Amino acid sequence: MNRFFGGSRLPWIRSWWRRLRFGDIVLLSLLPLLAAAYLLLSAAGEHRQARQFDDWWSRSRTVPLTFASRLGWMKRFPEALLVDRRFDTETDDPAVLHLLVPRSEWDDVMADPATGFGQWVEGLVDDAGRLDQVRVRKRGDTSVHWTTPKVSFTVRTRKSSLYRGHRAMAFSGRDVVTTYAANALTREFDLLAPDTWLAPVFLNRRFYGLFRGLELTDESFLRRHGRMPGTIYRGDAAERGEYYKGLPRNLFANPAIWEYLTVNDRPGAAPADAMAALVSDLNGGTFASHQRVLARVDPEEVARLMALLLLVGDPYHMDDVHNQLWYEDPATAVLHPIPWDLRLLDLGQPTMRLNTFFREMLRNPSVVEWVTTILAEWVQEDRFVQLADSITADLSARFADYLRFDGLRAGVIPPIGTPSDVSRLARVNSALLRTWLDDATVAFGTGGSDTLVLDFETRGYAGADLTAIGLGEEPGRPMLWRDSNRNGVLDEADQPVSGAIEVDAGRPRFVPDAPEPLRAGWDTGQPGIRPGRLHYRFFLTGVPGVQVEAALVNRVSGAVVTPVAWEAGDPIMAAFSWHPWQFQAAQPTTRRWSGNIHLRGTVRLAAGDTLVIAPGTTIRLDPDVSIVLRGPLHAVGTATRPIQFLPADQRLPWGALALQGPLAGGSRLAHVAFRGGGGALVDRIEYIGMVNVHRAADVEFRQVEFADNVRSDDTFHALHAEVHVVDSRFRNTNGDAVDYDYSVGTIADNTFEDSGGDGIDLMASSPWIHGNHVARSFDKGISVGERSSATINDNVLVDGDIGIEIKDASEPAITGNRLEHNRVAIKVSRKNWRYGTGGWAKLHDNILEANGVDVELDDRSRVTRGQPPAGGAQWWARYQADFDSPRGGWVSGGSARSLRKRDDALVLAARPGVATMTLSVDWEVEDPPGQLVLELGAHALDAVSIVLEGEGTELEVPVAVIDDSTEFRFVHVDVPPGRYRSLTLTATPTAADRVQRTTGLLTRTNGLLRLRRMLWYPDRGEGLWDPFAPPASRRP
Amino acid sequence: MAADWQGRLRTAFRRHERRLMVVYALVVAAVVAIVGVPRLRSPVLTTVQQMFDRADRRWDSRLRHGEALVAEGRFEEAATYLVNLDSIFPARTVHAGRDRERERLLMALALSYERLGRNGRALDTYRRLTAFDPRNWRSHFALAQAVERLEGGWATPDEAAAAYRAVLAMHPNHLPSVRGLMQYAIDGGRFDEAMMVWDAYLDDVMLQLLYIYAGDAVHEVNVRVDGRPQEVVLPVRMPPGDGHVQIHTGGFSLKVHEAIVVTPQAVGSATPTDTVPLAVLRHWSAGTTDADGVLRADAPASVVTLAAPELPSGATALRLRITAFKPLDRDTWSLAERSYRNLLRLEERDAVTTRLLVHPDRALVDSLDAIPG
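**Q** What's the story with the overall build of chain A in this structure? I'm lost.
**A** When helices and strands are tallied, chain A shows 16 helices and 71 strands. When its C-alpha atoms are laid out on the principal axes, chain A stretches across 120 × 90 × 65 Å. Burial analysis of chain A (1036 residues in total) assigns 57% to the buried set. When the accessible surface of chain A is split by element, carbon and sulfur atoms take 49% of a total near 40700 Å².

Have a look at this one:
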């Protein structure tokens, strides 16, 4: 080198070399050496840190890999810096989570992966300027969540300030995009799935990473899904700290290792029993145990879940050892799976066997067929690909910079996936599933002479329909028989297949009246899912010696299937699946009761069976004896010959009468009296009323008397039902007289006297309540709670504690009622924090007289006055913080300070001057004119007006302002014919500068205009304007 | 003298400065090459990693050394050594990769304390063991046993009973804990409580994995171990010829009430499905057979062999009617019997005996845990 540089022909090189000193070289080399040292040390450090754990992620963090990752990050760092500079740390995008935590505490808990488990850090969430207290802790089951600079965490809010309506949320930094896409699909499959979203997280005003937010499953989750609080089982035995050492980890072989996220502690229905029974039946290995498994779940729901899992390519991750969440509905005792931690993978690369539960369910060819039918809807018209593309397009547009930044950190943080991964995998899986659905292979072989034996075996993923049997030249008088009992020979137990002879191109064919289904079976005994074999034997008589041909079509696609030859004499092996012919449908029966009946044991009527009770019948029930009907009940007495349900022992209550399930729909009861029941728990189903309707529609009680029930919470209980209770009488009831949970229908013209609790109690229900007389209720005359939206009109409520109470996100329209002599006539309040807000009453034209307090309102509740719009009419726009779009298409102007969806309305904050919010519209209003209804609230505003601008027309309507943060008003605007282009609301705030007493600082209060809803009536002439006309479907 | 050396060094440095620069530059170039060229980098970094891994493995050898000290009865030395190891052991949480090693460490330390007569410290160490991973039933059981040993007088201490309950909450079929808790209840004259423990043991779902060899395949079947007859229907593919079926019971006692194979139908042939009964041919390995055909298993390797005389067309399904019995020893049964007697539930006692198979060897029965997790 000395010779090379020193002897160079170029003088400047010689001169440079002569002047160069050792110190210069050291200085020049310092940067690369330091960089190399840093890379080596940090890679070794990361490896050492990861080595503390022993899972898939830590094992993958070798020194060479971590070194390469950090080297890559070093190269991409300048670009990352540029992206980082583009982040708006003050963005009001509602998707962004601004987390503020004490840095040192955060580092104490999060920086050291080996400590801090379960330890909370106190922090704040900045929700557009409002600071809500939260607690944060690290989460996850493997080191991928703890050993990188992007740590997964759990956020828990206070009860008073939920975030996105949730109190507990998980934020996971791994496979964010692909996992989000997979889990977002659950919305399309009508499954009980937790809310999930993408959340860019800013930690102390610096971008921390793009995370997938996930609602944690608890009672709030159930309520959000319209489910009664019940037990949620959790099975997770995969990772250290979660599994039970020294015990079988297979959740479906060991019921003792399941845990409970929520527990419904019904007496006599211990939560452990349901899972123990399911596990026992799953391992029963017999057809009877398979049928019991079917009864414990909703097979169609399981089929939807399986179809979803196949589409996302990951039917294996909800496996025997983890990701198992199940909810037991106390109203049906049915277990519902909760999809958890779905991943988006290549379905063509199965890694393991399906879990024990799925294997058992897929032994049922009907479940397989439901799965294939659902899959066909999603893959044959590329619906799945289109949905995946739309999800990726949305998130690419909204989160481009965040995706870019985390993408640049690849290798240093957990992989996040890319939108293109989502699209690619959607295409790969769709293509593979299409090949499955096209595969309806059927083997066909024959034998015999007088009686022909026709043997079919399905060998594909999809089943086939036997549409015809070609009969050679001679039609004869053929009869086709199924080998129904599958004993191999034609005997009396075998069923004929009805059909007729048709001649096609001069050749006779036997064509069944309905195509004979040959359902496919799937073999799940090995890793992955393979087509199974399912044998169907038919006998053909009346055409001796004829050469037959089978005409088959694919049951999913309808394509013609050419059968493959099956050699006579080949052995027919047993199938993995249960045979469809084993499932015998029960014939519905009708039972009739009359005279005096004494029931000494609980009566259960099977699904579809009908019970008819004659007028004048008296049914006496022994203590705790119940009647559970899964079919319709017709108990129609007369005024002179009523039907009575009475206790056999006057000192002890009987149980409950229950109309259970959809097949009990259409039941009719009239002139019936129920006395002395006490509720019951039958077959793990909780009946909290003396009379109960669960999940049945179109049930009517007319002129029925309910009285003297004891023990039970309710006298009459409707759950997920459509029930009409009309012209009936409730007296001396133990708790609530009528309780509607998640139900609709009518409660009309009834009399309620001396209810031990509420007269009418609603939870998440919207019946039409009118013409009732409610007197002397111990608690509330009408209680409207938990997101109910009933129409309550023309009722009389007297001498009660509270006339009507409206709670917890309920928004009933209350008009034309008379409330007298109550301690409180109308109370609007928040009672249950899970709903985030209080009640919201729409009050109009009620008569309140001689009450202690007329209207009582807490600070979380609202009232809207003015004539409410028609019952059943659809709101055009309802504003609340939905995190999807900040402003719902509105644009602020003038002196507006901000415009944003907040909690329950779109809020315009106005500085002094005139603030505006404008929505572009395209309305063509013809004659007769339409009407616009807005639900508006105002605070610290002098003037508000509504301006409609169009081509050559301008309509400005001033609004009378109510300066109250808790009160709203319905504003009706008649809109004359014309074409309109924009709708503008203007707000002029009051000058409200004031000096704070404690600080002496001058504060300026912004005026606030709140828009809750908008409704457009295109034509007033069609009778829409009767504000309380109930929808036709609700009329009794 | 020193100045002289410095002067000489300076002179030597100046004389060789160019060479040093060249050597230094080459070293830097080598480092940069190693960093930049993956082919060169990989072996170097792998060597670095191996160094780390070697250093990591020393924890295993140190732990083994501590355990060896305990095994040799050098408890004082073991305690000192293990206390030190405990303070520097890397697994601080159950999520860590060496969680089982830490549990072994604590167990050895507790044992050392116990043998040294430092009972308080021993129990504290057992409690630390249960706190480290509350989901390890063996830790709770060790605590229960230690409390009984160290604090037990004429009756079972409350803390031992609590630990037994903790075991049964996650492992309801752990017979020694059932026995311990029943004893605790009976010591206090609470026979109804003892019966609740006994009833729970009898009725809790317990499944045992049987390996059934039929044809050329092994079938894994979970059967209920509850002393009640149950059906097992298994699709099998047995070729024509010898019809042997083996059932590996995993050490559980078993009664085969009925065993039949179903012969296959043939394509195009209207011959009825046939069934062929299998006979219990012999019990292999450890096990004795009662007069009524019950295999009383004596070891986890117990096997039942069933056979048909001949299967000319093979078999397509296997149907079994069997009863698997929960492990039960004489001591536990005598506790249960005593409770039945004291509560005057003699009819129930008589009825339940049909579900039981009392084994004389308590140690063997206690060893029949569930399948290792």
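**Q** Could you clarify how one ought to interpret the confidence of the model for chain A in this entry?
**A** Reading fine detail from the predicted coordinates is not recommended where pLDDT is low. Residues and elements named next belong to chain A. In the predicted model, chain A carries a mean pLDDT of 88, and the fraction of residues at 70 or more is 94%. Highest mean pLDDT in chain A belongs to strand S35 (residues 657-660) (96); lowest belongs to strand S70 (residues 1002-1004) (65). Low pLDDT (under 50) marks residues 1020-1036, which in the prediction has 39 contacts with non-local residues, meaning those over four places away or in another chain.

**Q** How should I be thinking about the interface of chain A and chain B in this particular structure?
**A** A common way to state how big an interface is: give the accessible area lost once the parts meet. Of the residues lining the interface, 77 residues belong to chain A; the matching set on chain B comes to 64 residues. When the buried surface of chain A facing chain B is broken down by residue, Phe22, Arg240 and Lys245 of chain A rank first, second and third, together holding 13% of it. Where chain A meets chain B, there are eight salt bridges. The partner of Glu17 of chain B in a salt bridge is Arg21 of chain A, and the shortest N-O contact between them spans 4.0 Å. Taken together, chain A and chain B are joined by 25 residue pairs in polar contact (both at pLDDT 80 or more). Put simply, the parts of the chain that give the side of chain A that touches chain B at least two residues each are helix H2 (11-19), helix H3 (22-51), helix H5 (63-86), helix H9 (271-282), strand S12 (442-447), strand S13 (452-458), strand S22 (534-541) and strand S26 (571-572) of chain A. Looking at the side of chain A that touches chain B element by element, the count peaks at 13 residues for H3 of chain A.

**Q** Explain helix H8 (residues 175-187) of chain B to me, please; I cannot follow it from the model alone.
**A** Because an α-helix completes one turn every 3.6 residues, residues spaced three or four positions apart along the sequence face the same direction. Residue and element names in this part refer to chain B. Here H8 spans 18 Å end to end across 13 residues, near enough to the 18 Å set by a 1.5 Å rise per residue. Burial analysis of H8 places 11 of its 13 residues in the buried class, the great majority of the element. All of the buried residues along H8 are Leu175, Pro176, Ser177, Val178, Arg179, Gly180, Leu181, Met182, Tyr184, Ala185 and Ile186. Its buried side turned inward, H8 meets helix H6 (137-151), helix H7 (158-170), helix H9 (191-203), helix H10 (330-342) and helix H12 (362-367).

**Q** I'm lost on the sheet that holds strand S41 (residues 714-719) of chain A in this one. Help?
**A** Hydrogen bonds between backbone atoms are what pair the strands of a sheet, whose relative direction is either parallel or antiparallel. Residues and elements named next belong to chain A. Spatially, S29-S32-S35-S39-S41-S44-S47-S50-S53-S56-S59 is the arrangement adopted by the 11 strands of the open sheet, whose pairing is parallel. Pairing within the sheet leaves two strands with one partner each, and these edge strands are strand S29 (603-605) and strand S59 (853-857). In this sheet, neighbouring strand axes are inclined to one another by 10° on average, regardless of whether the strands run parallel or antiparallel. The pairing of strand S50 (residues 780-785) with strand S53 (residues 802-807) spans four bridges and is parallel. Paired with Ile782 across the bridge in S53 is Ile804.

Quick notes on the rules
- Residues numbered from 1 in each chain as written.
- Chains lettered and ligands numbered in written order.
- Predicted model: local features only at pLDDT ≥ 70, side-chain atom pairs only at ≥ 80, totals over all residues.
- Heavy atoms only, no water.
- Helix = DSSP H or I, 4+ residues; strand = E, 2+ residues; numbered from the N terminus.
- Buried < 20%, exposed > 50% of the residue type's maximum accessible area, 1.4 Å probe, protein only.
- Areas by Shrake-Rupley, 256 points an atom, 1.4 Å probe, with all protein chains shown as cover.
- pLDDT = per-residue confidence, 0-100.
- Contact = heavy atoms within 4.5 Å.
- Buried area = accessible area lost by both parts, 1.4 Å probe.
- Salt bridge = Lys/Arg side-chain N within 4 Å of Asp/Glu carboxyl O.
- Polar contact = N/O pair within 3.5 Å; in protein donor to acceptor, adjacent residues only side chain to side chain.
- Expected span 1.5 Å × (residues − 1).
- Pairing = 2+ DSSP bridges.
- Axes fitted to C-alpha atoms, helices over the stretch in contact; angles between N-to-C directions.

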